[in-house]
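# Geometric and topological summary
So you can see what is in the structure, the chains are spelled out below.
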Amino acid sequence: MNSSAQVDRPQAGGYNIYEIGSRVNGQIQTAQTGDGGASELQSAEFSRVLLIKPSALGDVVHTIPVLVKLRARYPGARIDWLITPENAEIVRCHPALSNVVLFARRDFSKPGRRWRALLAFFGLLKQIRRTKYDLVIDMHGQVRSAFFAMVSGARVRIGFDRPIKRELTVSTEHDLKNVPKHGWRGAREGSWIAYTHRIPIPTLDVHAIDRYLWVGPLLGLDDNAPDLTIHLPPEAVAKVQRLLEERGVPASTPLVVLVPGTIWETKHWTIDGFAGVARTFLDDGFAVALAGTKRDQRRCRQIAAAAPGACDLSGKTTRAELAALIRRAEVAVTNDSGSMHVAASLGKPMVSIFGPTNPVHIGPYQRPESVVRLDLPCSPCNYRRLSQCPFDHACMKQVTPAMVVERVQKIVAMAK
């Protein structure tokens, strides 16, 4: 590097960004990792706490019980959450939270905004450093989240331990007895090196919410039942009602919400399947709304075309507005997606179609009756792409609309 480049180094937090790397490396080398000091943590009092879980939507919902228990344990503390802007609206109004700390990672992929995103990133590092957190809990477990933990300078940094070996899945909720080759096994990308205390991983055969709560014994958190309550901003509720009324759905009309999108190709139930469910409930006098992000608009348009009368709201709602829409509904039908976890957290009747993923680990929490899946020897596989599947996506294609409608009707009857 030439001398002129060295003169123009960008600054962050009172020191240049190139020095961050060397400081972090030094801290990593001296970090006291492992289980030592756990008993001291249980009695320690922390005044500034940072919870790191930026995404995805379902993972954010899974982390809410940790937030609630942290507030119960440290009632007078400042408790912040490092999160992406699109997910922040799900937690911003939670009474247990002091502030959201926004990490706009998507801005790095937007043409013409990368330099601005880089400057904002340096500002974020400065903000985290300046706050002087004394406890950081990284529920994300990747190198970027561990980097934030290290930059914070917190004397206590907690995250999951290194990955463990996969074992046979056996559960009383679902008869799943294969060993998937993919999926979460522990902290990734060497992130565990950054933690002063690691959360032990005794098994992988556990729901993600219960897994996140394994941080409890380290900090002396209570063992009360997890509280997944989502607190919605009033403006989100008002906007949803306005969107529905503009499409001829008054507040008195019973509503079914279908959320047919998800990130993995293999998690998608069929267009015909969702359309069949929509037509059934439209014939029964329900209003049907299709919801999702802009990424889901093509699928939603196809379903709406095959189910005349369904209103397509895809791409028109934020995360908080999606939650408000689901709360307005009598029942929600989803894939394995963040919207499924939102529905479960809101306590709404819901049904989700599962195929490549394990509902024991990431299904609607303590609601196995809400899962529709086929008992195939290849499922769950945790394959993300259709090109990886040697069985023509049988786990999803063979689920019929009649199967889902029957389950929906059963769930709605149980809720009355």
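Residues numbered from 1 in each chain as written. Predicted model: local features only at pLDDT ≥ 70, side-chain atom pairs only at ≥ 80, totals over all residues. Heavy atoms only, no water.

So, about helix 13 (residues 319-328). Buried residues dominate helix 13, accounting for nine of its ten residues. Buried within helix 13 we find Arg 319, Ala 320, Glu 321, Leu 322, Ala 323, Ala 324, Leu 325, Ile 326 and Arg 328. (Buried < 20%, exposed > 50% of the residue type's maximum accessible area, 1.4 Å probe, protein only. Helix = DSSP H or I, 4+ residues; strand = E, 2+ residues; numbered from the N terminus.)

Checked against the element boundaries, Thr 131 lands in helix 6 (residues 114-131). Taking the relative accessible area as the measure of exposure, Thr 131 reaches 10% and is therefore buried. Dropping the residues within four chain positions of it, Thr 131 is found in contact with Arg 48, Arg 78 and Asp 80. (Contact = heavy atoms within 4.5 Å.)

A complete count under the given rule lists ten salt bridges for this structure. In this structure, Lys 69 engages Asp 222 in a salt bridge whose closest nitrogen and oxygen atoms are separated by 2.6 Å. In this pair, Lys 69 is assigned in helix 4 (residues 57-73) and Asp 222 in the loop between helix 9 (216-219) and helix 10 (234-246), connecting sequence segments 153 residues apart. Asp 222 gets classed as partly exposed once you look at its relative accessible area, which sits at 30%. Close ionic contact of Glu 246 with Arg 247 constitutes a salt bridge, the shortest N to O distance being 3.7 Å. A relative accessible area of 31% means that Arg 247 is categorised as partly exposed. (Salt bridge = Lys/Arg side-chain N within 4 Å of Asp/Glu carboxyl O.)

If you look at the biggest cluster of nonpolar residues, it comprises 79 residues, and the most contacted ones within it are Leu 70 and Leu 219. Per-element tally for this core: the top contributor is helix 4, with seven residues. With residues up to four places along the chain from it excluded, the contact list for Leu 219 reads Leu 41, Gln 42, Phe 46, Leu 70, Arg 73, Tyr 74, Leu 135, Ile 137 and Ile 158. Phe 274, Ala 275, Ala 278 and Phe 281 belong to the second largest nonpolar core, which has 32 residues in total. (Core = buried A, V, L, I, M, F, W, Y, C linked by side-chain atoms within 4.5 Å.)

With 17 residues, helix 4 extends 25 Å between its outermost C-alpha atoms, agreeing within 8% with the 24 Å of an ideal straight helix rising 1.5 Å per residue. Among the 17 residues that make up helix 4, 14 are buried, leaving the element largely enclosed by the rest of the structure. (Expected span 1.5 Å × (residues − 1).)

Let's shift gears to unusual backbone geometry. For the peptide bond that leads from Ser 55 to Ala 56, omega is -5°, which places it in the cis range. Residue Pro 380 follows Ser 379 across a cis peptide bond; omega there is 5°. Mapped onto the elements, Pro 380 comes out in the loop between strand 14 (371-372) and helix 16 (394-397). A positive phi angle is found at Gln 366, which is not glycine, with a value near 55°. Considering the arrangement of structural elements, one finds Gln 366 in the loop between helix 15 (359-362) and strand 14. Overall, Gln 366 belongs to the exposed group, its relative accessible area being 57%.

It is worth spelling out the confidence of the model for the protein chain at this point. In the predicted model, the protein chain carries a mean pLDDT of 87, and the fraction of residues at 70 or more is 86%. For the stretch residues 1-35, pLDDT sits under 50, and the model shows 49 contacts to residues farther than four places along the chain or on other chains. (pLDDT = per-residue confidence, 0-100.)

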